[in-house]
Number of protein chains: 2
Amino acid sequence: MDFDTSTLKFNEAGLIPAIAQDATTGDVLMMAWMNAQAVTQTLETGRVTYWSRSRQSFWIKGDTSGHVQELVELRIDCDRDCLLVKVHQTGAACHTGRRSCFYTLVEDGVERITLDVMDDE
Amino acid sequence: MDFDTSTLKFNEAGLIPAIAQDATTGDVLMMAWMNAQAVTQTLETGRVTYWSRSRQSFWIKGDTSGHVQELVELRIDCDRDCLLVKVHQTGAACHTGRRSCFYTLVEDGVERITLDVMDDE
């Protein structure tokens, strides 16, 4: 059965935020945006697909970098305006080469980088 | 030292998405929005504070419901346009009375509710 994306609440740009979480470790890896077709493609292909706001194009995660996100499950929040995708992440989720985009910790007002760039696999 | 919120990227409405994650279990609890002052208040008070887009007012999580989010750590993503707050959550994070807002799983195109409403503490 096909999931009806028209039941989701997209913003004025037709996008919905999607939080990617490592299905194994529970680490939050990144947040990016999907349009309706990206949601459908993600569900149909099992490959997490975003909409790149900067490039204005589909962004099949890992197609260029090899850092694929294999969909484990997709969840919708209570307001239907945010998605959570649990994934099997190959390599770095972050374009900086770090496992997660959330590598900057604010501690007593000061920023500290808590993750190293991963070695290439 | 005070954290300089002007280094963050807010959207055209002056808001930044904040993902709340249970610091103990790793569960993603909710996603809501902060403006610059909400970020500052969250860091200064240790009580997670959002900006309610529907009410156009500060929303000190738990002030009405008692379902407080005590800040454990605040992280910034690589693009500086999304925050991750790890929290100690009292009771339900979701207004429906569920622990997390992401209680709706999409499975083979069909939705399934995976979390029960919590008993009142």
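Cut-offs used in this document
Residues numbered from 1 in each chain as written. Chains lettered and ligands numbered in written order. Predicted model: local features only at pLDDT ≥ 70, side-chain atom pairs only at ≥ 80, totals over all residues. Heavy atoms only, no water. Helix = DSSP H or I, 4+ residues; strand = E, 2+ residues; numbered from the N terminus. Buried < 20%, exposed > 50% of the residue type's maximum accessible area, 1.4 Å probe, protein only. Pairing = 2+ DSSP bridges. Axes fitted to C-alpha atoms, helices over the stretch in contact; angles between N-to-C directions. Contact = heavy atoms within 4.5 Å. Buried area = accessible area lost by both parts, 1.4 Å probe. Salt bridge = Lys/Arg side-chain N within 4 Å of Asp/Glu carboxyl O. Polar contact = N/O pair within 3.5 Å; in protein donor to acceptor, adjacent residues only side chain to side chain. UniProt positions renumbered as here; feature names shortened; annotations may be inferred. Least-squares fit on C-alpha atoms with pLDDT ≥ 70 in both.

Draft legend 1. Structural detail: unusual backbone geometry. Even without a glycine there, the phi angle at A:Arg80 is positive, about 60 degrees. Residue position: A:Arg80 is located in the loop between strand S5 (69-76) and strand S6 (83-89). Within the chain, B:Gln56 stands out as a residue other than glycine whose phi angle is a positive 50 degrees. By the element assignment, B:Gln56 lies in the loop between strand S3 (49-52) and strand S4 (57-60). A residue is classified by how much of its surface remains accessible, and B:Gln56, at 52% relative accessible area, is exposed.

Draft legend 2. How the structure looks around the sheet that holds S6(A). Taken together, 6 strands build an open sheet; the order of strands is S2(A)-S1(A)-S6(A)-S5(A)-S7(B)-S8(B) and the sheet is mixed. Looking along the sheet, the strands with just one partner apiece sit at the ends: strand S2 (28-34) of chain A together with strand S8 (110-113) of chain B. Strand-to-strand twist of the sheet, defined as the mean angle between neighbouring strand axes without regard to direction, takes the value 35 degrees. Here 3 bridges tie S5(A) to strand S7 (residues 104-107) of chain B, and the two strands are oriented antiparallel to one another. Residue pairing in the sheet places A:Leu74 in a bridge with B:Val106 of S7(B). Along the sheet, helix H1 (residues 36-45) of chain A contacts strand S1 (16-22), S2, S5 and S6 of chain A together with S7 of chain B; its crossing angle with S2(A), the most-contacted strand, is approximately 125 degrees.

Draft legend 3. The interface of chain A and chain B, seen in detail. With 40 residues of chain A in contact, the opposing surface of chain B contributes 40 residues. In this assembly, chain A packs against chain B so that about 3,100 Å² is buried in total across both faces, 62% of it on carbon and sulfur atoms. Where chain A packs against chain B, one counts 4 salt bridges. Among the salt bridges present, the one from A:Glu111 reaches B:Arg80, with a minimum N-O distance of 2.6 Å. Summed over the shared surface of chain A and chain B, the number is 16 residue pairs in polar contact (both at pLDDT 80 or more).

Draft legend 4. Geometry of the UniProt feature "domain: Phosphoribosyl-AMP cyclohydrolase" (unreviewed entry) in chain A. The feature "domain: Phosphoribosyl-AMP cyclohydrolase" (unreviewed entry), as given by UniProt, occupies residues 30-103 of chain A in the numbering adopted here. The distance separating the terminal C-alpha atoms of residues 30-103 of chain A is 10 Å; by composition the span is 14% helix and 38% strand.

Draft legend 5. Just the relation of the copies chain A and chain B, in detail. Take chain A, turn it by 180 degrees, move it 0.0 Å along the axis, and it overlays chain B with an RMSD of 0.0 Å. Here the copies are linked by what is in effect a two-fold axis. Among all residues of chain A, the minimum C-alpha distance to the rotation axis is found for A:Gly26, at 2.7 Å. Taken together, the interface assignments show that 100% of the residues at the interface of chain A recur at the interface of chain B, consistent with an identical surface on both copies.

Draft legend 6. Representation of the sheet that holds strand S1 (residues 16-22) of chain B. Pairing is mixed across the open sheet formed by 6 strands, whose spatial order is S8(A)-S7(A)-S5(B)-S6(B)-S1(B)-S2(B). Pairing within the sheet leaves two strands with one partner each, and these edge strands are strand S8 (110-113) of chain A together with strand S2 (28-34) of chain B. Sheet twist, expressed as the mean angle between neighbouring strand axes with direction ignored, is 35 degrees.

Draft legend 7. Focus on the UniProt feature "binding site: Mg(2+)" (unreviewed entry) in chain A. Residues annotated by UniProt as "binding site: Mg(2+)" (unreviewed entry) correspond here to A:Asp77, A:Asp79 and A:Asp81. Residues contacting A:Asp77, with those up to four places away along its chain left out, are A:Cys82, B:Cys101 and B:Phe102. Within the secondary structure layout, A:Asp81 lies in the loop between S5 and S6. By relative accessible area, which is 22% here, A:Asp81 ends up partly exposed. Excluding residues within four positions of it along the chain, A:Asp81 makes contact with A:Lys9, A:Ile16, A:Pro17 and B:Arg53.

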